[in-house]
Amino acid sequence: MSHTLFIADLHLSPTRPDITDCFERFMKQEAINADALYVLGDLFEVWIGDDDNSPFHRQIKAAFSAVTEQGVPVYFIHGNRDFLIGQRFARETGVTLLSELECIDLYGTPTLILHGDTLCLEDVDYQAFRRKVHQRWLQRLFLSLPLTWRRKIAAKMRAGSANANQQKSTSIMDVTPQEVQRQLDNANVCHMIHGHTHRPHIHQWHQHGTEYRRIVLGDWYQHGSVLMCNEQDCDLQTRDFTHF
Ligand SMILES: [Mn+2]
């Protein structure tokens, strides 16, 4: 039966061959048969520019090309780790880059899709950081630096953010319910799919007689996490890693 797949928060990195292996199997065996694949951000643990053409990155790009060359559309929304993925990556993979908030027609159901970081308003420090690093001039400046410098800067920022996140309460790291409702109302839709919080769940609630649904994609830390949607329903599923 025809279906559409959603994934997010894979955090692919050369240090986790088990995740990469699961991702490659998913692309080869599943994505290839889908109506479309949506990657809702944080595909990579870190992305410092499309010119970072390491063997690892070439391997991941090849997995996308193999799917898009078969005519399966693949769409990508930036996460907070890989917001520097650009047009060169898109050209090399056949992936279509979407804006941070998109409304898609999911088998007749208008559905808002996004990474999810813009829903977490209580994480004030992160939102300030986000505003800073999403400035075009700063991104251009960063991308003009040599790769070795960019690697060092990214590692330093990552260490700082990991440290800060340890101090934050779990509620700060989750979505702000009022912001979820605001973005849904703003787009005039009742369904939303996002990642980022690493709390896979299908939330359903009623407001003013309308039924709303918010699907949170899982991360790929202990197993793969896939949302499969068809005309009838959406199903959150896991995929086992092969242990090396
Ligand atoms: Mn994220």
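Residues numbered from 1 in each chain as written. Predicted model: local features only at pLDDT ≥ 70, side-chain atom pairs only at ≥ 80, totals over all residues.

The name that an unreviewed UniProt entry assigns to the protein chain is UDP-2,3-diacylglucosamine hydrolase, with the source organism given as Salinivibrio siamensis. Its UniProt record gives the protein chain a comment under Sequence similarities (unreviewed entry), which states: "Belongs to the LpxH family." According to UniProt, the comment filed for the protein chain under the heading Catalytic activity (unreviewed entry) is "UDP-2-N,3-O-bis[(3R)-3-hydroxytetradecanoyl]-alpha-D-glucosamine + H2O = 2-N,3-O-bis[(3R)-3-hydroxytetradecanoyl]-alpha-D-glucosaminyl 1-phosphate + UMP + 2 H(+)". (UniProt positions renumbered as here; feature names shortened; annotations may be inferred.)

(A) Geometry of the sheet that holds strand β2 (residues 36-39). Sheet architecture is open: 6 strands sit in the order β4-β3-β2-β1-β10-β11, paired in mixed fashion. The sheet terminates laterally at β4 (96-97) and β11 (234-239), the two strands that pair on one side only. Here strand β1 (residues 4-7) runs beside β2; their pairing, made up of 4 bridges, is parallel. By the bridge assignment for β2, L5 is matched with L37. (Pairing = 2+ DSSP bridges. Helix = DSSP H or I, 4+ residues; strand = E, 2+ residues; numbered from the N terminus.)

(B) Structural detail: the pairing of strand β6 (residues 109-114). Across 6 bridges, strand β5 (residues 101-106) lies against β6 in antiparallel orientation. The partner of C103 across the bridge, within β6, is L112. Between β5 and β6, which follow one another and run antiparallel, lie 2 residues, and Y107 among them has a positive phi close to 50°. Relative to strand β7 (residues 191-194), β6 is paired through 4 bridges, and the arrangement is parallel. Its bridge partner being in β7, T111 is matched across the sheet by H191.

(C) Focus on the UniProt feature "binding site: Mn(2+) 1" (unreviewed entry) in the protein chain. Under the local residue numbering, the UniProt record ascribes the feature "binding site: Mn(2+) 1" (unreviewed entry) to D9, H11, D42 and H198. These residues run over 190 residues, yet every pair of their C-alpha atoms falls within 11.3 Å of each other. One can find H198 in the loop between β7 and β8 (201-207). With sequence-adjacent residues up to four places away left out, H198 is seen in contact with D9, G218 and D219. (Contact = placed C-beta atoms within 7 Å.)

(D) Representation of the UniProt feature "binding site: Mn(2+) 2" (unreviewed entry) in the protein chain within the structure. Sequence positions flagged by UniProt for "binding site: Mn(2+) 2" (unreviewed entry) are, in local numbering, D42, N80, H115 and H196. Over a stretch of 155 residues, the named residues converge on one spot in the fold, their C-alpha atoms separated by at most 8.3 Å. Looking at the element boundaries, N80 is found in the loop between β3 (74-76) and α3 (87-93). You can call N80 partly exposed: it has 19 C-beta atoms within 10 Å. Leaving out residues up to four positions away in the same chain, N80 has contacts with D42, H115, D117 and R130. We classify H115 as buried; it has 25 C-beta atoms within 10 Å. In contact with H115, other than residues within four places in its own chain, are A8, L40, G41, I77, H78, G79, N80, E100, H194, G195 and H196. (Buried ≥ 20, exposed ≤ 12 C-beta atoms within 10 Å, placed from the backbone.)

(E) Up close: unusual backbone geometry. We note that H196 has phi near 80°; this positive angle belongs to a residue other than glycine. Position of H196 relative to the elements: it lies in the loop between β7 and β8. For H196, a count of 26 C-beta atoms within 10 Å puts it in the buried group.

(F) Here's a closer look at the environment of D42. Here D42 shows up in the loop between β2 and α2 (55-68). Residue D42 is classed as buried on the basis of its C-beta count, with 30 C-beta atoms lying within 10 Å. Dropping the residues within four chain positions of it, D42 is found in contact with A8, D9, L10, H11, G79, N80, R81, D82, G195 and H196.

(G) View of helix α1 (residues 17-29). For α1, with 13 residues, the first-to-last C-alpha span of 18 Å sits near the 18 Å given by 1.5 Å per residue. Along α1, the residues that are buried comprise I19, T20, C22, F23, F26 and M27. Angularly, the buried residues of α1 cover 165° about the axis, an arc narrow enough to put them on a single face. Seen from the buried face of α1, the exposed residues on the opposite side, beyond 90 degrees, are K28 and Q29. Looking at the buried side of α1, the elements it contacts are α2, β10 (224-229) and β11. (Expected span 1.5 Å × (residues − 1). Arc of directions from axis to C-beta.)

(H) Structural context of the packing of α1 against α2. Orientation of α1 relative to α2, taken along the N-to-C sense of each, is 10°, at an axis distance of 9 Å. Considered as vectors, α1 and α2 are oriented roughly parallel to each other. Note on element contacts: α2 touches α1 through A63, A66 and V67, opposite F23, E24 and M27. (Axes fitted to C-alpha atoms, helices over the stretch in contact; angles between N-to-C directions. Parallel < 35°, antiparallel > 145°, perpendicular 65-115°, else oblique.)

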